Amino acid sequence: MADDTEQYRNAAQADTHIAKWAPYGEEIKSVHHCVERQEKKKKDFQLLLVVGKFRIWVFLKEKKMKLKMVREFHLYDLESLNRNSDQVIIAYKSPAKSNKFTVTCTTAGPMIKCIRESFAIIASGFPATYFQLEDSGASPVDPYEADTATKFINNYYGQCSFYQVFANREIVYYLRDLIDNNVTELDITQIPVIEDDADKAPLLELKALVASLRYDTHFRSVICTDTPQPAIMSMFAYVLQTNVTLTKVVLSDLGASEQHIIEVAEALKKNSLHAVQILDLSGNNISLKAAMELAKVFQSYRHPLIELDLSNCSLQPRAVQLIFSAFIENPSMSLSLQVLNLSNNKFELPGSQEMEKWFFALKVYAKIRHLLLSGCTLSLNVLQSLKHMTEIAELDLSNNRLDGNATFVLSTFLEVSPSIAHLNLSGCSLSYDAGAKSLFTALSRNPKAANCTINFSENTELKMQIHKDLVQAASKITSLDLTGIKTKDATWIEMVQTIGKLNMLHTLNLSDTLSRSGPQGPIVQALSGLLQACPTITTLKLATCYGKRVLIPFFDTWNESVAVTSIDISNNNMGDSGAAALANMLTNNRRLQYIEMDKNATKTNGFAVLSSAFILNKTVGRINYSEDAQRELSSLQGKPRERLVFILESIGRALQRNSPQEVVFWHTLKPRHWRSCPTPMEILPFPPMPVHLQSQHNSMTLTDTAAVTATVAAVSADHPSGQAQAGGARGARGGRA
């Protein structure tokens, strides 16, 4: 029989059941003659077992060396290999009932060895218990030694074969580029595996790639954002059931349903060894039922959670209560939070009160540095313990209505906070009253406050009288945004002169603040005087409302003492004459690096004059005029259009010359927001437990969810549709996502 092994190998190679897999990279590794005894028929069947790169086939031998396939399964479907001498029992996952068979094989040892070696190549990182192995005469398996990139890519090839999809060459290049450069962040949105049509199923290439992460040990961060494919959430839930090295998971703006969120929650609950410490589910609708499951996850967390983003998730007050209740029940986890973004959800009084309970429980031991609560219908007046949040460096309360009581609570915080650096009060309906005045008084009294960025934009009721109090905190403020607070000429000039006394200011936004009625001369003089009085300003925003009558003469006043490196003059309808004035200023300017000048009705001649400025200017590396350029291009044809295209290309070449990009990867890396915590490379330790929380902590077990369950029950009593439901999470072993 051994003499005809090569002939049978050739016959198997030509068999259509094997040949069809050749385009997927399949190849035969070994063939083995076997005998299967079927007791019911009391007959022995002569078989040929073929071990491939990804699959195993079992053929029935017929006359004239013909083969009839009786079994086929992927190596990922293996459940057990049991060998006793020449007898081998193989079990595998299959929808059919007959998924276990016993064969007698004189080459049982080499067969088991070949199966194990083929599996090892496409299963790097898989646990040793992935399938059960019992081998009475185990032969040593050759160790699979390869670089990290090759191991992950081989896993990807294995998943492609499993999902019956051709390996995507661009994905392979992308993965090797990342791993060879020791990049541990995998951004799915950077590669062409996302189906743009929300009504279509996700591409199989995406399934194969995501499934490769199930047991991966290289990547620490995965990002998938802004796609119309909510089913991607289920794919990552499948990964989270088994992965133990991912520390950052960003699944934002996927349009996920309630069930998708529950699947992620169930996966995190099921995998007690997961390492997720940064979780971003923002932009997905999280129902009360889904919030219940997430609350159970947070309550049973076994390691720190340092960043949580649930912004824009349509959370209702009861859902917010559940989240904070879980934080209170698991203080070890919530003490570690450094970034919490719950913007654009509904807190109202119930949610605000539960957050206050959390603040009160943690006291000064909280580690939170970025607290983002924009548009939360927040009842700030109940947050009396906000003053205990001593680590907060950024506080975003924008688009919440703040009355007098709320501003006094905020003032108390500002007066004692040792870390505050960014305060966003945009669109808070602030009026110039005692509460608003107290904000600056509190800031000026805080000896540790320094380098503060303050955003008062879109508070139209301030009427800009608040500038009278700015001087109190002159040495504290480095960035000030007053967008949309319109005033008449005289008040505006007085305000600008006051701002000139802020000797630490480097960023100033005066967009849409001038309701001009008089001559432009005093306005120009005030702006010019501001730059002379405050030479620390490097970013200046003058979008909307100024027009060419102010900006053209303002450019003429610029000299070498102006330190501005970034300017926004968009939406001022300056036309070609404004572009010419800007170009004239640029020929002598050596500081500006970025210009925002879109929506100024710039036409071909304006772009031409701007292009000529770059003969001398060697510092400006970025200019935005995209809408004006597109509008002008769409209005031209023939040679006039060709001329404009040439001019725009000339400007583009000059910008590239002035700001050469250092190319590291062939793909782009999508930056996260600046406040995001660095991706942990391992599970961080819990912070020390404060004494006042130790008794509560010691009375809890890591898997105790009684408190959250009780809260869920209370909520469900008033909301019958909110009963908790299992999340359809799949088994921990292989199989289709």
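The structure this text deals with has already been given above.
Throughout, a residue's number is its position along its own chain's written sequence, starting from 1. In view of the model being predicted, local features appear only for residues whose pLDDT reaches at least 70, and side-chain atom pairs are presented and counted only at 80 or more, with totals across whole chains, interfaces and linings using the full set of residues. Heavy atoms from the whole structure form the basis of all side-chain values; hydrogens and water molecules are not counted.

### Thoughts on the overall build of the protein chain
Consideration 1: A run of H or I in DSSP becomes a helix once it reaches four residues, and a run of E becomes a strand once it reaches two; helices and strands are each numbered from the N terminus. Broken down by element type, the protein chain carries 23 helices and 24 strands.
Consideration 2: Between buried and exposed lies partly exposed: a residue is buried under 20% and exposed over 50% of the maximum accessible area for its type, with that area taken using a 1.4 Å probe on protein chains only. Looking at the 737 residues of the protein chain, the share that counts as buried comes to 54%.
Consideration 3: The criterion used for residue contact is that any of the two residues' heavy atoms lie within 4.5 Å. Considering only intrachain contacts with a sequence separation of at least 6, the fraction spanning at least 24 residues in the protein chain is 78%.
Consideration 4: The method behind every accessible area is Shrake-Rupley, applied with a 1.4 Å probe, and residues are considered shielded solely by the protein chains displayed. On the protein chain, roughly 31,200 Å² of surface is accessible, and the fraction owed to carbon and sulfur atoms is 50%.

### Let's talk about the packing of aromatic side chains
Consideration 1: Only centres within 6.5 Å qualify two rings of Phe, Tyr or Trp (six-membered ring in Trp) as a pair; their planes then separate them into stacked at under 30 degrees, edge-to-face at over 60, and tilted for everything else. All told, the structure shown has 28 aromatic pairs when counted by the stated rule.
Consideration 2: With a centroid separation of 5.3 Å and 85° between ring planes, the pair formed by phenylalanine 162 and tyrosine 163 is classed as edge-to-face.
Consideration 3: For phenylalanine 162, a relative accessible area of 5% puts it in the buried group.
Consideration 4: Aromatic side chains phenylalanine 554 and tryptophan 558 sit 5.8 Å apart centroid to centroid with 80° between the ring planes, which places their arrangement in the edge-to-face category.
Consideration 5: Phenylalanine 554 sits in the buried class, given a relative accessible area of 0%.
Consideration 6: Residue tryptophan 558 is classed as buried on the basis of its relative accessible area of 11%.
Consideration 7: Across the ring face of tryptophan 21, the terminal group of arginine 55 is positioned such that the distance to the ring centre comes to 3.6 Å. By definition here, charges over rings are those cases where NZ of Lys or CZ of Arg is within 6 Å of the ring centre and within 35 degrees of the ring normal.

### A look at the pairing of strand β4 (residues 67-74)
Consideration 1: Examined bridge by bridge, strand β3 (residues 55-61) and β4 share seven bridges and lie antiparallel to one another. Bridged to lysine 61 within β4 is leucine 67. Only strands joined by at least two bridges in the DSSP assignment are considered to pair.

### Observations concerning helix α12 (residues 348-362)
Consideration 1: A helix's residues, less one, multiplied by 1.5 Å, set its expected span. Compared with an ideal rise of 1.5 Å per residue, which puts 15 residues at 21 Å, α12 spans 22 Å between its outermost C-alpha atoms and is within 8% of the ideal.
Consideration 2: Phi for lysine 363, located one or two positions after α12, is positive at around 55°.

### Observations concerning the nonpolar core
Consideration 1: Throughout, nonpolar core names a set of buried Ala, Val, Leu, Ile, Met, Phe, Trp, Tyr and Cys residues whose side chains join them through atoms within 4.5 Å. Counting residues in hydrophobic clusters, the biggest one holds 212 residues, and the most contacted among them are Phe298, Phe456, Leu480, Trp492, Ile499, Leu510 and Phe555.
Consideration 2: If we ignore the near neighbours within four places in the chain, the residues touching tryptophan 492 are Thr487, Leu510, Thr513, Leu514, Ile523, Ala526, Leu527 and Tyr546.

### Considering the side chain of glutamate 632
Consideration 1: Within the secondary structure, glutamate 632 is located in helix α20 (residues 626-635).
Consideration 2: There is no salt bridge for the buried glutamate 632, and the closest opposite charge comes from arginine 631, which lies 4.2 Å off by N-O distance.
Consideration 3: When near neighbours in sequence (up to four residues on either side) are disregarded, glutamate 632 contacts Lys603, Thr604 and Leu644. For the purpose of counting charges, residues Lys and Arg are taken to be positive, whereas Asp and Glu are taken to be negative. His and the chain ends are not included. By salt bridge we mean one thing: a side-chain nitrogen of Lys or Arg within 4 Å of a carboxyl oxygen of Asp or Glu.

### Some points on the pairing of strand β10 (residues 221-225)
Moving residue by residue along a regular strand, the side chains alternate between the two faces of the sheet.
Consideration 1: Of all five residues in β10, five are buried; the element is thus mostly enclosed.
Consideration 2: On β10, burial covers both faces: Ser221, Ile223 and Thr225 on one face and Val222 and Cys224 on the other are all buried.
Consideration 3: Relative to β10, strand β9 (residues 185-187) runs parallel, the two sharing three bridges. Paired with glutamate 185 across the bridge in β10 is serine 221.
Consideration 4: Two elements, β10 and strand β11 (residues 248-252), share five bridges in a ladder whose sense is parallel. The residue of β11 that forms the bridge with valine 222 is valine 249.
Consideration 5: Taken together, β10, helix α7 (residues 231-240) and β11 form a β-α-β motif whose crossover is right-handed. When the strands point away from the viewer and the connection leading from the first strand across the helix to the second strand turns clockwise, the crossover is called right-handed.

### Observations regarding the environment of asparagine 285
Consideration 1: As for its placement among the helices and strands, asparagine 285 is situated in the loop between β12 (278-280) and α9 (288-299).
Consideration 2: Residue class for asparagine 285 comes out partly exposed when judged on its relative accessible area of 46%.
Consideration 3: Asparagine 285 sits 28 residues away from serine 257 along the chain, and the two C-alpha atoms are 6.6 Å apart.
Consideration 4: Residues contacting asparagine 285, with those up to four places away along its chain left out, are Ala256, Ile261, Cys313 and Ser314.

### Brief notes about helix α21 (residues 638-658)
Consideration 1: Taking 1.5 Å per residue as the helical rise, α21 with its 21 residues ought to reach 30 Å, and the 31 Å between its terminal C-alpha atoms agrees with that figure.
Consideration 2: For α21, the set of buried residues is Leu644, Ile647, Leu648, Ile651, Ala654, Leu655 and Asn658. In an axial view of α21, the angular spread of the buried residues amounts to 115°, which keeps them on one side of the axis. Facing away from the buried side of α21 by over 90 degrees, the exposed positions are Lys639, Glu642, Phe646 and Gln656.
Consideration 3: Looking at the buried positions of α21, the neighbouring elements they touch are α19 (604-613), β24 (622-624) and α20. Within this analysis, the arc is defined by the directions that extend from the helix axis to the C-beta atoms.

### Some points on the pattern of salt bridges
Consideration 1: Evaluated as defined, the whole model comprises 14 salt bridges.
Consideration 2: Residue glutamate 27 pairs with lysine 29 through a salt bridge whose shortest N-O separation is 3.2 Å.
Consideration 3: Given the relative accessible area of 38%, glutamate 27 is considered partly exposed.
Consideration 4: Of the residues examined, lysine 29 reaches a relative accessible area of 36% and is grouped as partly exposed.
Consideration 5: With a closest N to O distance of 3.0 Å, glutamate 185 and lysine 248 form a salt bridge. Of this pair, glutamate 185 sits in strand β9 while lysine 248 sits in strand β11, and the two are 63 residues apart along the sequence.
Consideration 6: Put simply, Glu266, Lys269, Glu293 and Lys296 are held in one network by salt bridges that share partners.

### Side note on the packing of α19 against α21
Consideration 1: Lines are fitted to the C-alpha atoms to define the axes, a helix being fitted only along its stretch in contact, and any angle between axes, read from their N-to-C directions, falls within 0 to 180 degrees. Interaxial distance between α19 and α21 falls to 9 Å at its minimum, and their mutual angle equals 30°. In terms of their interaxial angle, α19 and α21 are classed as roughly parallel. In this structure, α19 crosses over α21, and the sense of that crossing is left-handed. Counting all contacts with α19, which are made through Thr604, Asn605, Phe607, Ala608, Leu610 and Ser611, the residues of α21 involved are Arg643, Leu644, Ile647, Leu648, Ser650 and Ile651.
Consideration 2: Of the residues that constitute the contact of α19 with α21, the class distribution is seven nonpolar, four polar and one charged. Each angle is binned into one of four classes, with values under 35 degrees roughly parallel, values over 145 roughly antiparallel, values of 65 to 115 roughly perpendicular, and all other values oblique. Crossing chirality is assigned from the near helix's rotation relative to the far helix, an anticlockwise turn below a right angle marking it left-handed and a clockwise turn marking it right-handed. Gly counts as polar in this scheme, as do all residues outside two lists: the nonpolar Ala, Val, Leu, Ile, Met, Phe, Trp, Tyr, Cys and Pro, and the charged Asp, Glu, Lys and Arg.

### Points about the packing of α20 against α21
Consideration 1: Put simply, α20 and α21 touch, their axes get as near as 9 Å, and they point 155° apart. Looking at the two axes, α20 sits roughly antiparallel to α21. Between α20 and α21 lies a crossing whose hand is left-handed. Contacts from Ala629, Glu632 and Leu633 in α20 reach Arg641, Leu644, Val645 and Leu648 in α21.

### Some details on the environment of arginine 590
Consideration 1: Among the secondary structure elements, arginine 590 is positioned in the loop between α18 (575-586) and β23 (594-596).
Consideration 2: In the structure, arginine 590 is positioned 30 residues away from glutamate 560 in sequence and 7.6 Å away in space, judged by C-alpha atoms.
Consideration 3: Excluding its chain neighbours within four sequence positions, the residues that come into contact with arginine 590 are Glu560, Leu616 and Thr619.
Consideration 4: Polar contacts, as counted here, are pairs of nitrogen or oxygen atoms within 3.5 Å of one another; within protein the pair requires one atom able to donate a hydrogen and one able to accept it, and residues that are adjacent in sequence qualify only if both atoms are side-chain atoms. Within polar-contact distance, the side chain of arginine 590 engages the backbone oxygen of threonine 587 at 3.2 Å.

Treat this as a map of the structure, not an account of what it does.
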